[in-house]
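Per-entry structural report
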Amino acid sequence: MKRSFSVFAEDIPPYSGPKAARDSYADLKQLSAIPEHIYTRPKLQILPGQRRFSKVPWLVPMLELFAAYEWGLSTVFVLAKNYNKLVHVWESVTAMTKLWHPQTNTFIFPGFEATILLEELEIMLGLPRYQRGEEPTISYTVEQINSWSILAYITTKKTDLYTMTSGMHVHLLPIAQWITSQCKRKTTNYTAIAKAAAICICGVILFPESDGAISFGNLSIIDSISKGMKIRQAGLGFLYAGLTSATLGGPFYGSVIALELWMGMHIQFRAVEDLTTECKTMLNHPLTYVGGRLHMSTRAWCKTAQVKGIEAWHKFLRNLTVADFDMRPRFMHRRMIHLPQRTGLALRLLGNGALVSYNPDCCYLQCGSARTVVPLLSHFPPIQERKRGDVQDERDMRSAVVHWEGCAMSVIQAEVEEDDDVTKEYVEALKKIQPVARTN
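Residues numbered from 1 in each chain as written. Predicted model: local features only at pLDDT ≥ 70, side-chain atom pairs only at ≥ 80, totals over all residues. Heavy atoms only, no water.

Let's talk about the pattern of salt bridges
Considering all chains together, one arrives at ten salt bridges under this definition. In this structure, R129 and E122 form a salt bridge, with 4.0 Å as the shortest nitrogen-oxygen distance. Given a relative accessible area of 1%, E122 falls into the buried group. Its salt-bridge partner being R232, residue E122 comes within 3.0 Å of it at the nearest N-O pair. Of this pair, E122 sits in helix α5 (residues 118-124) while R232 sits in helix α11 (residues 232-247); the two residues are 110 residues apart in sequence, bridging distant segments of the chain. Judged on exposure class, the residue E122 and its partner R232 are both buried. Linked through salt bridges whose partners overlap, the residues forming this network are E122, R129, R232 and R335. (Salt bridge = Lys/Arg side-chain N within 4 Å of Asp/Glu carboxyl O. Buried < 20%, exposed > 50% of the residue type's maximum accessible area, 1.4 Å probe, protein only. Helix = DSSP H or I, 4+ residues; strand = E, 2+ residues; numbered from the N terminus.)

Thoughts on the pairing of strand β10 (residues 347-350)
The side-chain alternation of β10 yields two buried faces, one formed by L347 and L349 and the other by R348 and L350. Connecting β10 to the antiparallel partner strand β11 (residues 354-358) that follows it, the hairpin turn spans three residues. (Pairing = 2+ DSSP bridges.)

So, the packing of aromatic side chains
Applying the stated criterion to the full structure yields 14 aromatic pairs. Ring centres of F109 and F325 lie 5.7 Å apart, and the angle between their planes is 55°; on these two criteria the pair is classed as tilted. Here F325 lies in the loop between α14 (310-318) and β9 (336-339) and F109 lies in the loop between β2 (106-108) and β3 (113-114), a separation of 216 residues in the sequence. Both residues of the pair, F109 and F325, belong to the buried class. In this structure, K195 is placed above the aromatic ring of Y153, and the distance from its NZ or CZ to the ring centre is 4.0 Å. (Phe/Tyr/Trp six-rings, centres within 6.5 Å; stacked < 30°, edge-to-face > 60°. Lys NZ or Arg CZ within 6 Å of the ring centre and 35° of its normal.)

Structural notes on the nonpolar core
Core analysis: the biggest nonpolar cluster contains 128 residues, and L59, F107, F109 and I179 have the highest contact counts within it. If you tally residues by element for this core, the top one is helix α9 (residues 190-205), at eleven residues. The contacts of F109, once residues within four sequence positions are left out, are M96, L99, A114, I267, L317, L320, F325, L430 and Q434. (Core = buried A, V, L, I, M, F, W, Y, C linked by side-chain atoms within 4.5 Å. Contact = heavy atoms within 4.5 Å.)

Focus on the layout of surface pockets
Within this model, the largest pocket holds a volume of roughly 580 Å³. If you go around the largest pocket, you meet 30 residues; those closest to its centre are E209, F238, N352, G353 and A354. Contributing elements (two or more residues each) for the lining of the largest pocket: α10 (216-223), α11, β10, β11 and β12 (383-385). In terms of residue count, the dominant contributor to the lining of the largest pocket is α11 (seven residues). Tallied by class, residues from the lining of the largest pocket come to 14 nonpolar, eleven polar and five charged. (1 Å grid on protein atoms, 1.4 Å probe; cavity = no way out; pocket = protein on both sides within 12 Å on 5 of 7 lines; lining within 4 Å. Points joined across faces, edges and corners; volume = space filled by probe spheres on them. Nonpolar A, V, L, I, M, F, W, Y, C, P; charged D, E, K, R; others polar.)

Structural notes on the sheet that holds strand β5 (residues 169-171)
Taken in spatial order, the three strands make up an open sheet running β4-β5-β6, and their pairing is antiparallel. Lying at the two open borders of the sheet, with one neighbouring strand each, are β4 (165-166) and β6 (213-215). As defined by bridge partners, β4 adjoins β5 across two bridges and the pair is classed as antiparallel. Considered in β5, the bridge of T165 is made with V170. Along the sheet, α10 contacts β4, β5 and β6; its crossing angle with β6, the most-contacted strand, is approximately 90°. (Axes fitted to C-alpha atoms, helices over the stretch in contact; angles between N-to-C directions.)

Considering empty space enclosed by the protein
Taken as a whole and judged by the stated rule, the model has two cavities of 30 Å³ or more. In this structure, the largest cavity occupies an estimated 40 Å³ of space. Lining the largest cavity we find W71, K195, A198, I199, I222, D223, I225 and S226. Sort the elements by how many residues they give to the lining of the largest cavity and α9 lands first, with three residues. Contributing to the lining of the second largest cavity are Y130, I138, K230, R232 and Q233. Classifying every residue of the lining of the second largest cavity gives two nonpolar, one polar and two charged.

Take a look at the structure:
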């Protein structure tokens, strides 16, 4: 595995022991005061948890050490390398969370449902594709997780391990400093450096949970990438759980970048072939860096350019029609998607923290079908927290895998014909499950 060490990140001090790392981590926790990335005044903290998505000053200089990346993380690598350029539109994200229903794990609009599909996440973030028959490669573990045994591939020094971990979390800054130190010394420990870098970039892009840290469960998920395991279910389930947390008044966590890419493709932007000027609204949007694989460029039309402020976003989304929501963006045309085998038997996303219900069959139009009556809720809990090492937990995980082995497959159609009377019945039924979002 070849890596480029031609550039050394002078901005990051090399890893120099636990005391220096603790001091640096204390500084890192103050990053929410950095302007021009998120709001810095308390009264503008519109979404609990948003401050943890501040700029990460150690990330980009660290990544300048690498010429490329492997293990199917090239798109995640690009997003991480440009992370400090991104500007999150928290008004739109906050307004979207108010449409999230914690029982169905879908966004409920006035006349239809939609959700972030596994296949969409896979394409948007360039993650390795999951195919039927690859269920053994879904990343999860039923065993208790020993973080030190995972980090031992990076370092075996107890002082380092104590610095990198606390409670049930792993701190990313000491790992980044260790990478910088290794590169400065021009060591040839390429695999260990690559694993450490994967922890950092996936921790920031896919599994952001607390300031500069990830959970032991997600550490194990990221570690499995080098073994050829598929992590998209864990990533999507983590985002679903973060949306539910925000809807119920808790902090938001999960990949806000994935959410904004999804909103950009379905709601905010539309590709235009002959536009001669750049879409300035997109310049700091994640689509700027990954739009190519989504058939989108910065020469696009922004459908929401005039929507400014949280109240305007609330009004816009509450009145969003089927015509305003791009049900089948170009990158999903003729795409094969996975669906539950039958109504009421929900698929569940596997992760190390929870089993999370996955209901694409509720989202008829998005999946290329006509709207009928709202499907019955599954008997599974929307989010089932896991107890690794427990016999029942192991049974539940095996059962979830079996459902994926027997899931239905469908091809997204370009056009859908609907029956007006049936659609009216669907819309009336949908009104009964409108989410009741927090108002503060």
